[in-house]
Amino acid sequence: MGRENFHRILDETQQNVLRMGSLVEEAITRAVDALTRSDIKQAEEILRADDYIDDLNVLIETNCLNLLALQQPMASDLRTIAAMLDIVIDLERIGDHACDIAQITINLANEPQLKPLIDIPLMAAKAREMLRESLDAFSHHDASIAHKVPQKDDEVDRLYRSVFRELIQFMAKDPRAIGRASNLLLVALYLERIADHSTNICERVVYMVEGVPKKLKRSVVDLDGMLAYSDQIMHSGTPSAPAPDVASTGSNPP
């Protein structure tokens with residue numbers, strides 16, 4: 001493989017990464033929209049469309065491995081290839097979370113709506129914004145954008161805590177709401193994880209551009225504290241303390 005052909009395939013692969021990112025962003029949008037409107041048909045379309053995202057993932061990984069095997073990439077190209085191999089893992093998981101939300105829409109289709117969805121669509125919008133900006137950072141090889149995106153994770157986690165508190169209270173007041181509320185809690189958790197994956201992508205971009213692996217500052221939900229809070233609500237109806245706040249950290253969440 002000549003150098004000209006190498007760079008052509010490298011550029012095509014980067015475009016495929018952006019295409020995959022666009023598809024998973026669209027999947028998040030459509031999944032939350034389907035949930036809001038209890039649209040089973042749209043939810044089923046999201047599940048079917050995931051096969052194309054998976055195929056694109058395989059194509060990108062194959063091209064990256066071929067580039068590594070058939071050439072001896074320069075340091076900057078090597079970091080770009082390594083970053084793409086990691087980024088598509090995060091994108092594939094984001095696509096899976098969109099499918100998880102679509103499946104919950106199908107599961108809840110015959111159930112009465114627990115409450116109008118307000119914070120969950122807001123979480124989805126903020127998570128999509130983080131994903132879009134992380135991909136912009138990748139597209140432009142711009143580490144400055146990548147450093148800024150994780151700061152928005154605080155807002156996603158604040159919304160997650162708000163959803164968690166509200167749904168736990170629904171379950172405490174009416175045991176018949178437990179199934180529906182639990183499913184919506186999962187939706188909120190998937191959206192929180194999507195924001196985390198977007199931060200992961202930013203870390204790959206920083207390494208790609210600066211050549212030094214860095215853990216970017218992010219907020220992490222205190223799951224143990226949240227579970228203790230829910231246990232208090234479920235048993236007594238009122239908490240003995242406010243719901244725990246998030247903690248900022250430079251490490252990936254478990």
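Here is what the cut-offs are and how they apply
- Residues numbered from 1 in each chain as written.
- Predicted model: local features only at pLDDT ≥ 70, side-chain atom pairs only at ≥ 80, totals over all residues.
- Heavy atoms only, no water.
- Helix = DSSP H or I, 4+ residues; strand = E, 2+ residues; numbered from the N terminus.
- Buried < 20%, exposed > 50% of the residue type's maximum accessible area, 1.4 Å probe, protein only.
- Lys, Arg positive; Asp, Glu negative; His and termini not counted.
- Salt bridge = Lys/Arg side-chain N within 4 Å of Asp/Glu carboxyl O.
- Polar contact = N/O pair within 3.5 Å; in protein donor to acceptor, adjacent residues only side chain to side chain.
- Contact = heavy atoms within 4.5 Å.
- Core = buried A, V, L, I, M, F, W, Y, C linked by side-chain atoms within 4.5 Å.
- 1 Å grid on protein atoms, 1.4 Å probe; cavity = no way out; pocket = protein on both sides within 12 Å on 5 of 7 lines; lining within 4 Å.
- Points joined across faces, edges and corners; volume = space filled by probe spheres on them.
- Nonpolar A, V, L, I, M, F, W, Y, C, P; charged D, E, K, R; others polar.
- Axes fitted to C-alpha atoms, helices over the stretch in contact; angles between N-to-C directions.
- Parallel < 35°, antiparallel > 145°, perpendicular 65-115°, else oblique.
- Left-handed = near helix turned anticlockwise from the far one by under 90°.
- pLDDT = per-residue confidence, 0-100.

A.B. asks: Break down the side chain of R79 for me, with residues and values.
C.D. replies: If you trace the backbone, R79 turns up in helix α3 (residues 75-107). Despite its burial, R79 pairs with no opposite charge, the nearest such side chain being D77 at 8.7 Å. Among the polar contacts listed, one links the side chain of R79 to the backbone oxygen of M208, at a separation of 3.0 Å. Once you skip the residues sitting within four places of it in the chain, R79 turns out to touch Y207, M208, V209 and G211.

A.B. asks: Which residues make up the nonpolar core, and what values do they have?
C.D. replies: If you look at the biggest cluster of nonpolar residues, it comprises 70 residues, and the most contacted ones within it are L91, I120 and L191. What L191 contacts, discounting residues up to four positions off in sequence, is I28, V32, I101, I120, M123, A124, A127 and V156.

A.B. asks: Provide a residue-level description of the environment of N57, including the pertinent values.
C.D. replies: Position of N57 among the secondary structure elements: in helix α2 (residues 40-70). Along the primary structure N57 and L85 are separated by 28 residues, whereas in three dimensions their C-alpha atoms are 9.2 Å apart. The contact partners of N57, leaving out residues within four places of it in the chain, are M20, V88 and E92.

A.B. asks: Could you give an account of empty space enclosed by the protein, naming the residues involved and the relevant values?
C.D. replies: A complete count under the given rule lists one cavity of 30 Å³ or more for this structure. If you add up the space inside the largest cavity, you get close to 60 Å³. If you trace the largest cavity, you find it lined by K115, L117, I118, D119, I120, V163, E166, L167 and L184. Looking at the lining of the largest cavity, the elements that each hand over two or more residues are α4 (119-140) and α6 (153-173). When residues in the lining of the largest cavity are grouped by element, the largest group, three residues, is from α6. For the lining of the largest cavity, the per-class residue count stands at six nonpolar, no polar and three charged.

A.B. asks: Explain unusual backbone geometry to me, and be specific about the residues and the numbers.
C.D. replies: Excluding glycine, residues mostly have negative phi values, and the peptide bonds linking residues are mostly trans. A positive phi angle is found at S38, which is not glycine, with a value near 50°. Its identity is not glycine, yet H141 carries a phi of approximately 50°, on the positive side. Mapped onto the elements of the fold, H141 is located in the loop between α4 and α5 (143-148). By relative accessible area, H141 is classed as partly exposed at 34%.

A.B. asks: Summarise the packing of helix α1 (residues 3-37) against α2; cite the residues concerned and give the values.
C.D. replies: Contact geometry of α1 with α2 gives a least axis separation of 9 Å together with a crossing angle of 160°. Relative to α2, the element α1 lies roughly antiparallel. Here α1 runs over α2; the crossing is left-handed. A per-class count over the contact of α1 with α2 returns 19 nonpolar, five polar and five charged.

A.B. asks: Just give me the short version of the confidence of the model for the protein chain, but keep the residues and values in it.
C.D. replies: If pLDDT is low for a region, its predicted coordinates should not be looked at in detail. For the protein chain, per-residue confidence averages 87 on the pLDDT scale, and residues scoring 70 or more make up 85% of the total. For the stretch residues 237-244, pLDDT sits under 50, and the model shows 17 contacts to residues farther than four places along the chain or on other chains.

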